[in-house]
2 protein chains.
Amino acid sequence: MADALRIGIAGLGTVGASLARILTSRHNKLADICGRPIDIVAVSARDPGKDRGVDLSGAQFYDDPVALARDAEIDVFVELIGGEGDPALSSVRSALERGCHAVTANKALLARHGVELAGIAEERGVLLNFEAAVAGGIPVIKAMRESLTGNSISRVFGILNGTCNYILTEMERAGLSFEDCLKEAQRLGYAEADPTFDVEGNDTAHKLALLTSIAFGTRIAPDDIYLEGISNISIEDIRAADDLGFRIKLLGVAQRTDSGIEQRVHPTMVPKNSVIAQVDGVTNAVAIDADVLGELMMSGPGAGGDATASAVMGDIADIAKSRPGHQHGPVLGRPAAHLDPYVRARMRSHEGGYFIRLTVEDKTGVFASLARHMSDNGISLESIVQRSTQNGNGDKKTVILVTHATMEASVRQAVDSISSDGYLLDKPQVIRIERPGN
Amino acid sequence: MADALRIGIAGLGTVGASLARILTSRHNKLADICGRPIDIVAVSARDPGKDRGVDLSGAQFYDDPVALARDAEIDVFVELIGGEGDPALSSVRSALERGCHAVTANKALLARHGVELAGIAEERGVLLNFEAAVAGGIPVIKAMRESLTGNSISRVFGILNGTCNYILTEMERAGLSFEDCLKEAQRLGYAEADPTFDVEGNDTAHKLALLTSIAFGTRIAPDDIYLEGISNISIEDIRAADDLGFRIKLLGVAQRTDSGIEQRVHPTMVPKNSVIAQVDGVTNAVAIDADVLGELMMSGPGAGGDATASAVMGDIADIAKSRPGHQHGPVLGRPAAHLDPYVRARMRSHEGGYFIRLTVEDKTGVFASLARHMSDNGISLESIVQRSTQNGNGDKKTVILVTHATMEASVRQAVDSISSDGYLLDKPQVIRIERPGN
């Protein structure tokens, strides 16, 4: 059997501790599969003495992860610190620069510095693996980077944030408000005390930026993403979606168009009979439209210590199975030096159409006015549903419009014109519809 | 850039032709991704002159695929001939024995000879890739063999045959019989003139045998699979399933139990709100229960020239990205020499329970008799539904029983006892229920 693969783990939180337990408890089985043992020889953590259910006394302890990355006698540096800046950035950079492989679960770091780090890895002929950075344990990076090599990808979209999907699922299941479901998610540990980063879509955006780069061979553009979170979704929206045969999911969508790339994160209506509509709770899912293959869909646990550690373990095993000195496939699917520049798509018609929910006065002429404003803005309607409001107040009506493919700007302008007429009794709601291939 | 990877393709049917078109039309892009060009230098086919929409005049033509595998100056032998025997077997064996990598889409070959061929590949230090052999373009082999390396898998199940799934989907959608939907599938090219191999489950069994081996690290056992096809499924079963909140899918299921491995292929009730229940038409899907990760589900095109070629292309790209002389991960996930023997599980209780549909005389005492026979055989019932038959004949009733977890043998015995009472007016139907994690 070949020499052991020596790894250093920076960060022993839930993911790091789970990874250490896998590497220790399955040491022999992994050695058999990988053709050599995988040994944890160095670790760094904030609290060295904490009981993590695993004996790490054989590993050298570092206070400073950057020192570990720079000095430890390791073959693979595993970064589980988090955050887009230091010490995560400096430690990964140091490891790669001295010819160490690196594995990271850090989406923020890669969204910001992925191209630079990929360039260093490729120059040094080492691997930078990051399966755990997107959709947790779902092997979507490997599928796009390796399995779909012969394909040209036109769209990738998914449920990339378990917190949001849990909240939306609970709103539908229990009929509770966003606020109540968020509280429950916090109680269960599915949401942070400050949930902004999750519920406003930033976390999804980081992951989407990485998927976009690999899907289309472009440089990573984390700041060019249309962002809309789920905090404005009401129980009325969920019910109206249900009536129309849709569910609401927070999707990250990246699409290639003739004029460039479109990246957006927003609440989305998906047909109830689509596979992605059945993805409930904290589960994540990614769908990829590829020209040769067709639509590939993957779903599974998107977060949590074990699911993330499973993906990190797969990344380490890939390195263990390879041998030093052999060249590897490019980190982002295409060599970092050859990535195309990112070009933002021009405004265009949204193929899936829009759902528009309006609360209006129940009086003569309102309906005609709505229809006229839609028509004036060139919007063709698939359906109009008029419903009494739930409190039974006869002066109020809810009107739901579903449009065919149309421009976002047209929808906004039509809704503004309707607002100016003074009939609206509540804030209008506009939600995009997305139609998966299956 | 490194030397070209020279490939030889044996078999230029729909898959081979699609692969040749991808390799030719995307030659430069593939070279950039893989770090070297991939050139088709040799081919063999029954009809050399046929127009396949691709210029292969630069490749050397062989009449005999075994001669190609043995003599051509190639780095990778791609077997797209099909069939478990020769020439597929001899050609793959010859290629591996002389240190050529091999890629195949041939499930029958691997189900029968996979362990032997994996052993040769590992001895010679070359790759034997076969992503296309199971579930077409879905990268399930890669996911299990690489991404889930740190996991212990307890169950893998899936919709592995597009023909059957198309027929079952159409029966439900159009309300037509099995025979009518089969004819339609044949007209559309989704089913062969002799559909036996697909509709009786043999094709699913071959694929399942490979998944089982990789999932559990056991030798391949294609002959130890309980087999039941879909030709006995009636429109009444589909409707009853629908009423109870289920859909019927032909699943291949492999499960690890305390006493060994259970492999079975049969029509299965799955809850309508599960992800796998939404997988319609010719689409395939595989779900994997892994101890660290949880449940991973993948769905996508399971057959067809392009989807299969996409998977073969991914396998070739993996070889192109690696460098000669470096050792690779084991073909079946664990070294062929270390695979555990296959041990069949002892009979045990089926966790998901059973659906039993009986057509009985509508007279006093029948219901009590049914209930007694169930109870006598230790079967506990989750629900009993009694319905009039559709033709409105007052003397006939349909009774549907859904059991809790119970033994197959108990169910068969109870149904036999009921039959002996002489109340049954039609053949009883028994269908297993499977409950996915999501």
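Nothing here was measured: the structure is a model prediction, and the numbers come from that model.

(A) Summary view of the pairing of strand β16 (residues 396-403) of chain A. Residues and elements named next belong to chain A. Most of β16 sits inside the fold, with 7 of its 8 residues counted as buried. Relative to β16, strand β14 (residues 354-361) is paired through 7 bridges, and the arrangement is antiparallel. Bridge pairing links E361 to K396 in β16.

(B) Up close: the sheet that holds strand β1 (residues 5-10) of chain A. All names here are of chain A. As summarised here, the arrangement of the 6 strands in space is β3-β2-β1-β4-β5-β6, forming an open sheet in which the pairing is parallel. In this open sheet, the two edge strands, each paired with only one partner strand, are β3 (60-62) and β6 (128-129). Bridging between strand β5 (residues 101-104) and β6 involves 2 bridges; their strand directions are parallel. Paired with A102 across the bridge in β6 is L128.

(C) Here's a closer look at the packing of aromatic side chains. All names here are of chain A. The full count for this structure, using the stated rule, is 2 aromatic pairs over all chains. Their ring planes at 65 degrees and their centres at 4.9 Å tell us that Y166 and Y190 sit as a pair that is edge-to-face. Placement of the pair is Y166 in helix α7 (residues 162-174) and Y190 in the loop between α8 (178-187) and α9 (196-199), with a sequence separation of 24 residues. A relative accessible area of 9% means that Y166 is categorised as buried. Given a relative accessible area of 36%, Y190 falls into the partly exposed group.

(D) Region of interest: the sheet that holds strand β3 (residues 60-62) of chain B. All names here are of chain B. If you trace the 6 strands from one edge of the open sheet to the other, you get β3-β2-β1-β4-β5-β6, paired in parallel fashion. Where the open sheet ends on each side, the last strands, each with one partner, are β3 and β6 (128-129). One ladder, built from 3 bridges, connects strand β2 (residues 38-44) with β3; its direction is parallel. Residue pairing in the sheet places A42 in a bridge with Q60 of β3.

(E) Summary view of the domain arrangement of chain A. All names here are of chain A. Looking at the assigned domains, one finds that chain A contains domain 1 (5-137 + 305-336), domain 2 (145-301) and domain 3 (349-433). Its C-alpha centre places domain 1 at a distance of 27 Å from the equivalent point of domain 2. Across the boundary between the two partners, domain 1 contributes 22 residues, which contact 18 residues of domain 2. Linking domain 1 with domain 2 are 2 salt bridges. Across the pair K107 and D203 runs a salt bridge, and its minimum N-O distance is 3.6 Å. Connecting domain 1 to domain 2 are 4 residue pairs in polar contact (both at pLDDT 80 or more). Those elements that provide at least two residues to the side of domain 1 that touches domain 2 are α5 (107-124) and β6. Take the side of domain 1 that touches domain 2: its biggest share by element is 7 residues, from α5. When the residues that make up the side of domain 1 that touches domain 2 are grouped by side-chain class, the tally is 14 nonpolar, 5 polar and 3 charged.

(F) Representation of the relation of the copies chain A and chain B. Each copy superposes on the other: chain A lies on chain B with an RMSD of 0.0 Å after a rotation of 180 degrees and an axial shift of 0.0 Å. In symmetry terms, the pair is related by a two-fold rotation axis. Minimal C-alpha separation from the rotation axis in chain A is found for M298 of chain A, amounting to 2.1 Å. Most of the interface of chain A is mirrored in chain B, where 100% of its interface residues are also at the interface.

(G) Structural view of unusual backbone geometry. Residue and element names in this part refer to chain A. Cis peptide bonds are those with omega within 30 degrees of zero, and the linkage from D86 to P87 qualifies with 5 degrees. Its place among the elements puts P87 in the loop between β4 (76-79) and α4 (88-97). Notably, A135 is not glycine yet its phi reads approximately 60 degrees, a positive angle. With respect to the element layout, A135 can be found in the loop between β6 and α6 (140-147).

(H) Geometry of the side chain of S369 of chain A. Residues and elements named next belong to chain A. Examined against the element boundaries, S369 turns out to sit in helix α13 (residues 366-376). Of the residues examined, S369 reaches a relative accessible area of 4% and is grouped as buried. Residues contacting S369, with those up to four places away along its chain left out, are D421 and Y423.

(I) Expanded view of the nonpolar core. Counting 177 residues, the largest nonpolar core has V140 and I167 of chain A together with V140, M144 and I167 of chain B as the members making the most contacts within it. Excluding residues within four positions of it along the chain, I167 of chain B makes contact with F178, C181, L182, A185, V199 and I230 of chain B.

(J) Quick peek at α5 of chain A. Residue and element names in this part refer to chain A. If you check α5, its first and last C-alpha atoms are just 22 Å apart, much less than what 18 residues at 1.5 Å a residue would give, namely 26 Å. Where α5 bends most, the angle comes to about 80 degrees, and this point is H113. When we look at burial in α5, the residues that qualify are A108, L109, L110, A111, H113, G114, V115, L117, A118, G119, I120 and A121. Considering only its buried residues, α5 is in contact with β4, α4, β5, β6 and α10 (202-216). Its side-chain oxygen placed 3.3 Å from the backbone nitrogen of A108, N106 serves as the N-cap of α5. G125 sits one or two residues past α5 and shows a positive phi near 70 degrees.

(K) View of the interface of chain A and chain B. On the chain B side, the residues contacting the 58 residues of chain A number 58 residues. Roughly 4,600 Å² is buried in total at the junction of chain A and chain B, and carbon and sulfur atoms are behind 54% of that figure. For the interface between chain A and chain B, the tally reads 4 salt bridges. Of the charged contacts in the structure, one is a salt bridge between D291 of chain A and R26 of chain B, with a shortest N-O distance of 2.4 Å. One can count 18 residue pairs in polar contact (both at pLDDT 80 or more) joining chain A with chain B. For the side of chain A that touches chain B, the secondary structure elements donating two or more residues are α2 (27-34), α6, β12 (294-301) and α12 (305-321) of chain A. Counted by class, the side of chain A that touches chain B contains 21 nonpolar, 23 polar and 14 charged residues. Direction of pairing for β12 of chain A relative to strand β12 (residues 294-301) of chain B: antiparallel, over a ladder of 3 bridges.

Rules used in this analysis
- Residues numbered from 1 in each chain as written.
- Chains lettered and ligands numbered in written order.
- Predicted model: local features only at pLDDT ≥ 70, side-chain atom pairs only at ≥ 80, totals over all residues.
- Heavy atoms only, no water.
- Buried < 20%, exposed > 50% of the residue type's maximum accessible area, 1.4 Å probe, protein only.
- Helix = DSSP H or I, 4+ residues; strand = E, 2+ residues; numbered from the N terminus.
- Pairing = 2+ DSSP bridges.
- Phe/Tyr/Trp six-rings, centres within 6.5 Å; stacked < 30°, edge-to-face > 60°.
- Domains from an automatic or database assignment.
- Contact = heavy atoms within 4.5 Å.
- Salt bridge = Lys/Arg side-chain N within 4 Å of Asp/Glu carboxyl O.
- Polar contact = N/O pair within 3.5 Å; in protein donor to acceptor, adjacent residues only side chain to side chain.
- Nonpolar A, V, L, I, M, F, W, Y, C, P; charged D, E, K, R; others polar.
- Least-squares fit on C-alpha atoms with pLDDT ≥ 70 in both.
- Core = buried A, V, L, I, M, F, W, Y, C linked by side-chain atoms within 4.5 Å.
- Expected span 1.5 Å × (residues − 1).
- Bend = angle between axes of the 7 residues up to and from the residue.
- Buried area = accessible area lost by both parts, 1.4 Å probe.

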